[in-house]
Amino acid sequence: KTTIKLSDSLGAYTMMFDRNMGVSFAWNEAVKKSRGTNIVFVNQDVEMLPGSLSAIIELLIRNKSPIAVGAKLYFPNSRIIQHAGGEIFFPRCNTKHTGYLQNDVGQFDIISSVQYVTGALFGCRKETLVSLSGFDTRYTPAYYEDLDFCWRLCKMGGDVVYLPTAKAFHHESSSWGVKSLSF
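This write-up is about the structure you can find in this document. (Residues numbered from 1 in each chain as written. Predicted model: local features only at pLDDT ≥ 70, side-chain atom pairs only at ≥ 80, totals over all residues. Heavy atoms only, no water.)

Quick look at the overall build of the protein chain
Thinking step 1. In terms of helices and strands, the protein chain carries 4 helices and 11 strands.
Thinking step 2. The contacts of the protein chain with a sequence gap of at least 6 include a subset with a gap of at least 24, amounting to 66%.
Thinking step 3. Summed over all atoms, the accessible surface of the protein chain reaches about 9,900 Å², with 55% contributed by carbon and sulfur. (Helix = DSSP H or I, 4+ residues; strand = E, 2+ residues; numbered from the N terminus. Contact = heavy atoms within 4.5 Å. Areas by Shrake-Rupley, 256 points an atom, 1.4 Å probe, with all protein chains shown as cover.)

Below, the structure written as structure tokens:
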């Protein structure tokens, strides 16, 4: 079963599915049921550092244009960067995580527009998600639904923003494992 459970103190709820429907399906269902203006997606393998959630929400509130906001992600229990925004290389859509495997010494501490942010931890306004018809469920069970969403957002004139004050440890692929055929 797939379970999504959030804190009751946040006015959140639990969603359960009989089987794993994939992250795109689950996120789309969460968007449909959400009552808030801003939505922050946090994968189960992410440990947010203090102040990260409020930093994402504050930027969404301040910036009224359609944006997606992503965080600086570290490998577990380290200051080694896993993701500080990303680039897409066409025509094959190869990707590169900015800062990957670099020690964080402040070199990626500027808010910037990027081509994509990882779905491990990012926020967006509900109206933006709805206007883009959410996440493409063809990317099931996971991977590239975040990149596709960011690409479609930029095509419609929106912006993808890397926010270095939002930080987290990411235990990447702990649900699937790096040896999974889906990885």
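Quick look at a nonpolar patch on the surface
Thinking step 1. Together, Val42, Met48 and Leu53 make up a nonpolar patch on the protein surface, roughly 210 Å² of accessible area in all.
Thinking step 2. Secondary-structure assignment places Leu53 in helix α2 (residues 52-62).
Thinking step 3. Leu53 gets classed as partly exposed once you look at its relative accessible area, which sits at 36%. (Patch = residues over 30% accessible without salt bridge, like charges linked within 9 Å, V, L, I, M, F, W, Y side chains within 5 Å. Salt bridge = Lys/Arg side-chain N within 4 Å of Asp/Glu carboxyl O. Buried < 20%, exposed > 50% of the residue type's maximum accessible area, 1.4 Å probe, protein only.)

Some points on the side chain of His83
Thinking step 1. Mapped onto the elements of the fold, His83 is located in strand β6 (residues 81-83).
Thinking step 2. There is a polar contact of 3.3 Å between the side chain of His83 and the backbone nitrogen of Gly85.
Thinking step 3. If we ignore the near neighbours within four places in the chain, the residues touching His83 are Ala71, Lys72, Leu73, His97, Thr98, Tyr116, Val117 and Thr118. (Polar contact = N/O pair within 3.5 Å; in protein donor to acceptor, adjacent residues only side chain to side chain.)

Some words on α2
Thinking step 1. Residues of α2 that are buried: Ser52, Ala55, Ile56, Leu59 and Leu60. End-on, the buried residues of α2 take up no more than an arc of 130 degrees, which puts them together on one face.
Thinking step 2. Each element contacted by the buried residues of α2 is listed here: β3 (38-42), β4 (46-48), β5 (67-74), β10 (121-125) and β11 (159-170). (Arc of directions from axis to C-beta.)

Focus: the environment of Tyr162
Thinking step 1. As for its position among the elements, Tyr162 is in strand β11.
Thinking step 2. In sequence terms Tyr162 and Gly70 are 92 residues apart; their C-alpha atoms lie 5.0 Å from each other.
Thinking step 3. Other than its neighbours up to four places away in sequence, Tyr162 contacts Gly70, Ala71, Lys72, Ala84, Gly85, Phe108, Ile110, Ile111, Ser112, Val114 and Val117.

A few points about the nonpolar core
The tendency in soluble globular proteins is for nonpolar side chains to be buried side by side.
Thinking step 1. Counting 26 residues, the largest nonpolar core has Phe41, Phe122, Leu129, Phe135 and Phe149 as its most contacted members.
Thinking step 2. Elements with a contribution of two residues or more to this core: α1 (23-33), β3, β5, β10, α4 (145-155) and β11.
Thinking step 3. Counting residues per element, this core draws most heavily on α4, which supplies 4 residues.
Thinking step 4. Dropping the residues within four chain positions of it, Phe41 is found in contact with Trp27, Val31, Gly119, Ala120, Leu121, Phe122, Leu129 and Phe135.
Thinking step 5. Grouped together as the second largest cluster of nonpolar side chains are 15 residues, Ile67, Leu73, Ala166 and Ala168 included. (Core = buried A, V, L, I, M, F, W, Y, C linked by side-chain atoms within 4.5 Å.)

Remarks on the side chain of Ser24
Thinking step 1. Its place among the elements puts Ser24 in helix α1.
Thinking step 2. Filtering out sequence-adjacent residues up to four positions away, Ser24 remains in contact with Phe135, Asp136, Thr137, Tyr139 and Glu145.

Quick word on unusual backbone geometry
Thinking step 1. Following Phe90, the chain continues into Pro91 via a peptide bond in cis, with omega recorded as 15 degrees.
Thinking step 2. Positionally, Pro91 belongs in the loop between β7 (86-89) and β8 (94-97).
Thinking step 3. In the Ramachandran plot, Asn77 falls in the positive-phi region, its phi being about 55 degrees despite a non-glycine side chain.
Thinking step 4. Mapped onto the elements of the fold, Asn77 is located in the loop between β5 and β6.
Thinking step 5. For Ser133, which is not a glycine, the phi torsion comes out positive at approximately 60 degrees.
Thinking step 6. Take Ser133: it is sitting in the loop between α3 (126-131) and α4.

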